[in-house]
Amino acid sequence: MLEKLENEARNCKACGLCATRINTVFSDGSKNAKIMLIGEAPGADEDKQGKPFVGRAGKLLNEFLKQAGIDRHKDLYIANTLKCRPPENRKPTKEEKAACEKFLKGQIEALKPSVIVLCGATAAESFFDKKFQITKIRGEIFDNVKGFEGIKFIPILHPSYLLRQHSTQEGSPRDLTLKDLIMIKKAAL
């Protein structure tokens, strides 16, 4: 099912992003993972390589995953709300997210993760009908997301935000993200 979805995404022309993409960015990681991480949309590095979270933010994410004892290639399946890069890395529009929704829902259905990590506010807003500050809901467990019963949704801070936050002191964004990832690993067991 995932291969079929990926082929469909490669040939998708449901929105204007198909005209500017180099590659579709479908996923990375294990198709047997219990943890799925969903980001916002591909950036320039991701568009070039065809894989999510491979730029500076992805390298920082890898460091945090390692510290939390999560193997990116064995324990995690990574996707984005969009499969194509928005120009200038702008925030995805509702129409673009709607065009990619079938791919993301299909990935969740095929993977059947026990935990979905919503990386940043844009990813979280794809599953919740309200606006909020990611700093206020990060680390919370939501297990009553309509249409995804039985899956724990846990928002975290996006690693691109952490690139600008260098402190690792108790209570800092980097400290909280590491603690969230350790908790996520436990929640997936």
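Residues numbered from 1 in each chain as written. Predicted model: local features only at pLDDT ≥ 70, side-chain atom pairs only at ≥ 80, totals over all residues. Heavy atoms only, no water.

Peer 1: Would you mind going over the overall build of the protein chain with me for this structure?
Peer 2: Of regular secondary structure, the protein chain possesses eight helices and five strands. Since a compact globule built from 189 residues should have a radius of gyration of about 16 Å, the 15 Å found for the protein chain is in line with a globular shape. Along the first, second and third principal axes, the C-alpha atoms of the protein chain reach 45 × 35 × 35 Å. Taking all 189 residues of the protein chain together, 52% fall into the buried category. Relative to all contacts within the protein chain whose residues are 6 or more apart in sequence, the contacts with residues 24 or more apart total 72%. Looking at charge distribution, the protein chain has the averaged site of its 33 positive side-chain charges lying 1 Å from that of its 24 negative ones. (Helix = DSSP H or I, 4+ residues; strand = E, 2+ residues; numbered from the N terminus. Rg over C-alpha atoms; globule rule 2.2 N^0.38 Å. Buried < 20%, exposed > 50% of the residue type's maximum accessible area, 1.4 Å probe, protein only. Contact = heavy atoms within 4.5 Å. Lys, Arg positive; Asp, Glu negative; His and termini not counted. Charge placed at Lys NZ, Arg CZ, Asp CG, Glu CD.)

Peer 1: Can you help me understand the pairing of strand β5 (residues 152-156) in this one?
Peer 2: For a regular strand, side chains alternate in direction, first toward one face of the sheet and then toward the other. The element β5 is extensively covered by neighbouring structure, given that four of its five residues are classed as buried. With five bridges connecting them, strand β4 (residues 115-119) and β5 associate as parallel partners. Across the sheet, residue V117 finds its bridge partner in β5, namely I154. (Pairing = 2+ DSSP bridges.)

Peer 1: Whenever I open this one, the packing of helix α3 (residues 56-68) against helix α8 (residues 173-188) confuses me. Can you help?
Peer 2: Helices that pack against each other are described as a pair by the angle of their axes relative to one another and the distance between those axes. At a closest axis distance of 9 Å, the pairing of α3 and α8 adopts a crossing angle of 55°. Comparing their axes, α8 and α3 come out oblique. Taken as a pair, α3 and α8 cross one another with a handedness that is right-handed. On α8, the residues that touch L60, F64, L65, Q67 and A68 of α3 are R174, T177, L178, L181, I182 and K185. (Axes fitted to C-alpha atoms, helices over the stretch in contact; angles between N-to-C directions. Parallel < 35°, antiparallel > 145°, perpendicular 65-115°, else oblique. Left-handed = near helix turned anticlockwise from the far one by under 90°.)

Peer 1: Looking at this structure, how should I read the pairing of strand β3 (residues 76-80)?
Peer 2: Among the five residues that make up β3, five are buried, leaving the element largely enclosed by the rest of the structure. Residues L76, I78 and N80 point to one face of β3 and Y77 and A79 to the other, with burial holding for every one of them. Where strand β1 (residues 28-29) and β3 come together, two bridges link them in antiparallel fashion. Residue pairing across strands places D28 opposite I78, the latter belonging to β3. For strand β2 (residues 35-39) and β3, the ladder comprises five bridges, and the chain directions are parallel. In the strand pairing of β3, L37 is matched with I78.

Peer 1: Sorry, what's going on with the packing of aromatic side chains here?
Peer 2: Two aromatic rings, taken as a pair, are described by how far apart their centres are and by the angle between their planes. Scanning the entire structure with this criterion turns up four aromatic pairs. Here F128 and F142 contribute two aromatic rings whose centre-to-centre distance is 4.8 Å and whose plane-to-plane angle is 50°, an arrangement assigned as tilted. You can see F128 sitting in the loop between α5 (121-125) and α6 (134-137) and its partner F142 sitting in the loop between α6 and β5, a full 14 residues away along the chain. As far as burial versus exposure is concerned, F128 and F142 are alike and both buried. Aromatic pair F148 and F153: ring centres 5.7 Å apart, planes at 65°, arrangement edge-to-face. (Phe/Tyr/Trp six-rings, centres within 6.5 Å; stacked < 30°, edge-to-face > 60°.)

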